[in-house]
Structures are given as C-alpha cells and as structure tokens.
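Residues per chain are reported as follows:
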Amino acid sequence: MTTDVAAADVQVTCVGDIHFDDAVALLAAHDLRLHRVDAAAPIPGSYWGEPEAGIIGSDVYVRDDTPVHSMLHEACHLIVLPPERRALVHTDATDSVPEEDATCYLQIVLAGQLPGVGSDRLMLDMDAWGYTYRLGSTRAWFEQDAEDAKAWLVERGLLPA
C-alpha cells in the first residue's frame, strides 16, 4: 500500500494480523510482557476501552482485534518511563506532553522493527485512527516537526544519537 492512500480508506493493522511472537519479542527487548486476552474479554488497563491496548506496570494487554498502533503506543508509554514510575502505572501512563510526543515518535520507530508492520504502515494506521498533528499527518509530523520528541528520546538513551 502506498503512503498517499487516504487515511479513511485504510483498514488498520491489528494484533491478529501479525505474528504474536514477533510482538512479544519486541516488547520483551524493552522489559515488557505482552499478554493476549481472549476475544470479547475485557482488556485490563485499557484507557480508551476495547479493543484498545491496556497497560499495568510492565504488562501490556491486547486482543487479536487490538490495533497494532495501540499496542505499540501503550508499550511506548511504559518504555519512556523510568522503572520506578513504570511500576506505578495502571491504565493511564502520563499527562506530560513531552512524554506523549516521545511515545508517538518511538512507536513509529519500533513499528519499523516489527515484521509485517513497518513505520510507513503504522503512520497510515495512526492517521486512520485519528491521531492529529499540526502539519496534518503523522508522516509530516514525524519527518518535519518531531525534533523535540527525538531529542527527548536520545537524551534518555532510548534512541541512538
């Protein structure tokens, strides 16, 4: 799929569309545990409600119908937190604008490491879901307006310089 497709025409990639073990491995590399919740069961720690991902401590909860962008977003909320703050998280990770921006940036980077997804696809999915940025699209923000988010991540050793 090309990146010039209108966001409204995009069917977002869900956890059931990828190899679950790939997602488990990606999150485990950041000291997170990924849990698959049964279909139609409530998702623990879901801020937005089903089918969106949930977080509690170092645990990320998803169903097969959870969008991958949601799984990565919530996981990245935990990744950007120091361990002592991560341990206290239940459902809502932050109200910090710099942390939110860093989370959005990092989820795009990590999507590039997730087989069957990739950063380009994730940005389309984010637009389709309704992420909004000053420049009109996730890609425009990531490429032209996210220097502060990237610097925040680099400063904390979460991305290479």
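1. Here's the deal with unusual backbone geometry
Then step 1. Residue Pro-51 follows Glu-50 across a cis peptide bond; omega there is 10°.
Then step 2. One non-glycine residue, Asp-31, lies in positive phi territory at about 60°.
Then step 3. Along the chain, Asp-31 falls in the loop between helix H1 (20-28) and strand S1 (33-36).
Then step 4. Taking relative accessible area as the criterion, Asp-31 reaches 61% and is therefore assigned exposed.

2. Some remarks on the environment of Gln-113
Then step 1. Considering the arrangement of structural elements, one finds Gln-113 in the loop between helix H4 (97-111) and helix H5 (119-129).
Then step 2. When the C-alpha atoms of Gln-113 and Leu-26 are compared, they prove to be 7.6 Å apart, with 87 residues separating the residues in sequence.

3. Some thoughts on the pattern of salt bridges
Then step 1. Scanning the model with the defined rule gives 9 salt bridges in all.
Then step 2. The shortest N-O distance in the salt bridge between Arg-85 and Glu-99 comes to 2.6 Å. Of this pair, Arg-85 sits in helix H3 (residues 83-86) while Glu-99 sits in helix H4, and the two are 14 residues apart along the sequence.
Then step 3. Overall, the relative accessible area of 34% leaves Arg-85 in the partly exposed class.
Then step 4. A residue is classified by how much of its surface remains accessible, and Glu-99, at 8% relative accessible area, is buried.
Then step 5. Across the pair Arg-121 and Asp-125 runs a salt bridge, and its minimum N-O distance is 2.9 Å. Note that Arg-121 and Asp-125 are positioned in helix H5 at a spacing of 4 residues, about one turn of the helix.

4. A look at the nonpolar core
Then step 1. Among the nonpolar cores identified, the biggest contains 43 residues, and Val-60, Met-71, Leu-72 and Leu-114 are the most heavily contacted of them.
Then step 2. Breaking this core down by element, the ones donating at least two residues are H1, strand S3 (59-62), helix H2 (68-79), H4, H5 and helix H7 (147-155).
Then step 3. Non-local contacts of Val-60, meaning those with residues more than four positions away in its chain, are made with Leu-27, Leu-32, Arg-33, Leu-34, His-35, Gly-54, Ile-55, Met-71, Ala-75 and Leu-78.

5. Thoughts on the sheet that holds S3
Then step 1. Reading across the sheet, the 3 strands line up as S1-S3-S2 and stay open at both edges, with mixed pairing between neighbours. Taken across any chain shown, the strands that pair with only one partner, and hence form the sheet edges, are S1 and strand S2 (54-56). When strand polarity is set aside, the average angle formed by the axes of neighbouring strands in this sheet is 25°.
Then step 2. Contacts from H2 reach S1, S2 and S3 within the one sheet, and its direction differs from that of S3 by about 170°.

6. Some words on the packing of aromatic side chains
Then step 1. Tallied over the entire structure, the rule returns 6 aromatic pairs.
Then step 2. Taken together, Tyr-47, Trp-48, Trp-129 and Tyr-131 form an aromatic cluster joined through their ring pairs.
Then step 3. The ring of Phe-20 carries Arg-36 above its face, with NZ or CZ at 4.0 Å from the centroid.
Then step 4. Its end group placed over the ring of Trp-152, Arg-156 keeps NZ or CZ at 3.7 Å from the ring centre.

Rules used in this analysis
- Numbers given for residues are sequential positions, taken from 1 along each chain in its written order.
- For this predicted model, a pLDDT threshold of at least 70 governs which residues receive local features, and a threshold of 80 or more governs which side-chain atom pairs are given and counted, while totals over whole chains, interfaces and linings are taken from all residues.
- Hydrogens and water are ignored here; the side-chain numbers use all heavy atoms of the structure.
- Each helix corresponds to a stretch of at least 4 residues labelled H or I by DSSP, and each strand to a stretch of at least 2 residues labelled E; elements are numbered beginning at the N terminus.
- Burial here depends on accessible area, computed with a 1.4 Å probe over protein chains only, as a share of the maximum for the residue type. Under 20% is buried, over 50% is exposed, and the range in between is partly exposed.
- Each salt bridge in this description consists of a side-chain nitrogen of Lys or Arg and a carboxyl oxygen of Asp or Glu lying within 4 Å of one another.
- To form a nonpolar core, buried Ala, Val, Leu, Ile, Met, Phe, Trp, Tyr and Cys residues must be joined to one another through side-chain atoms within 4.5 Å.
- Note on contacts: a residue pair is in contact if any heavy atoms of the two residues lie within 4.5 Å.
- Being paired, for any two strands, means DSSP has found at least two bridges between them.
- To obtain each axis, a line is fitted to C-alpha atoms, and for helices this fit is confined to the stretch in contact; angles are then taken between N-to-C directions over 0 to 180 degrees.
- Two aromatic rings from Phe, Tyr or Trp, using only the six-membered ring of Trp, form a pair when their centres are within 6.5 Å; if the ring planes differ by under 30 degrees the pair is stacked, by over 60 it is edge-to-face, and anything between is tilted.
- A ring has a charge above it when a Lys NZ or an Arg CZ is no more than 6 Å from the ring centre and no more than 35 degrees off the ring normal.

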